[in-house]
Amino acid sequence: MSKVPLVRWHWRYAYVTSTHSLLPRHLNRVYDEDGGEAPIGILLHTKFLPQILVKSAEEKTRRQHFENSSLYDGYYDALVDDPVLWCPASTRLEDWRQLEDLGLMSRGGWD
């Protein structure tokens, strides 16, 4: 799962599949050329907020998903069923430092 929402834009760049990847391909790298980590962050995905139940039902009816909307029918049905996403391994979000400690994001060597 990835998104590239923040880019110092150039007219030769292009998003592919919404904001999930970019061209040229090197813009999608998460590691520096020397093997170190590049700075990465975390996005709060609104598909996991309470409003998703109504939104999923609406999106399934609209059938306007970016590519092949019928492939998402099962996905929307599962969300409308209001699944419990908590499990014993779940962790309550505290702050960005916690995300870094868990290895989910990196400052890319910035202090």
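What counts and how
- Residues numbered from 1 in each chain as written.
- Predicted model: local features only at pLDDT ≥ 70, side-chain atom pairs only at ≥ 80, totals over all residues.
- Heavy atoms only, no water.
- Helix = DSSP H or I, 4+ residues; strand = E, 2+ residues; numbered from the N terminus.
- Buried < 20%, exposed > 50% of the residue type's maximum accessible area, 1.4 Å probe, protein only.
- Contact = heavy atoms within 4.5 Å.
- Arc of directions from axis to C-beta.
- Phe/Tyr/Trp six-rings, centres within 6.5 Å; stacked < 30°, edge-to-face > 60°.
- pLDDT = per-residue confidence, 0-100.
- Patch = residues over 30% accessible without salt bridge, like charges linked within 9 Å, V, L, I, M, F, W, Y side chains within 5 Å.
- Areas by Shrake-Rupley, 256 points an atom, 1.4 Å probe, with all protein chains shown as cover.
- Salt bridge = Lys/Arg side-chain N within 4 Å of Asp/Glu carboxyl O.

### A look at the overall build of the protein
Link 1 in the chain: Broken down by element type, the protein carries 3 helices and 2 strands.
Link 2 in the chain: Scanning the protein from its N terminus toward the C terminus, one meets helices and strands in the order β-β-α-α-α.
Link 3 in the chain: A total of 111 residues make up the protein; the buried ones form 13% of that total.
Link 4 in the chain: Considering only contacts within the protein whose residues lie at least 6 apart along the sequence, 35% involve residues at least 24 apart.

### Quick look at unusual backbone geometry
Link 1 in the chain: In this model, Leu23 is joined to Pro24 through a cis peptide bond whose omega is 0°.
Link 2 in the chain: Turning to its location among the elements, Pro24 is positioned in the loop between strand S2 (21-23) and helix H1 (52-62).

### Re H1
Count 3.6 residues to each turn of an α-helix, and residues three or four apart come out pointing the same way.
Link 1 in the chain: Where H1 is concerned, the buried positions are Ile52, Ser56 and Glu59. Buried residues of H1 fall within an arc of 70° about the axis and therefore sit on the same side. Facing away from the buried side of H1 by over 90 degrees, the exposed positions are Val54 and Thr61.
Link 2 in the chain: Packed against the buried residues of H1 are helix H2 (73-80).

### Some thoughts on the packing of aromatic side chains
Link 1 in the chain: Following the criterion strictly, the structure yields 2 aromatic pairs and no others.
Link 2 in the chain: One aromatic cluster in this structure is built from Trp9, Tyr13 and Tyr15.

### Observations concerning the confidence of the model for the protein
Link 1 in the chain: Of the residues in the protein, 78% have a pLDDT of 70 or more, and the chain-wide mean is 76.
Link 2 in the chain: Averaged pLDDT values over the elements of the protein bottom out at 74 in H1 and peak at 87 in helix H3 (residues 96-101).

### Looking at a nonpolar patch on the surface
Link 1 in the chain: A grouping of Ile42, Leu102 and Leu104 is seen on the molecular surface, where their side chains present a nonpolar patch of about 280 Å² in accessible area.
Link 2 in the chain: Relative to the assigned elements, Ile42 resides in the loop between S2 and H1.

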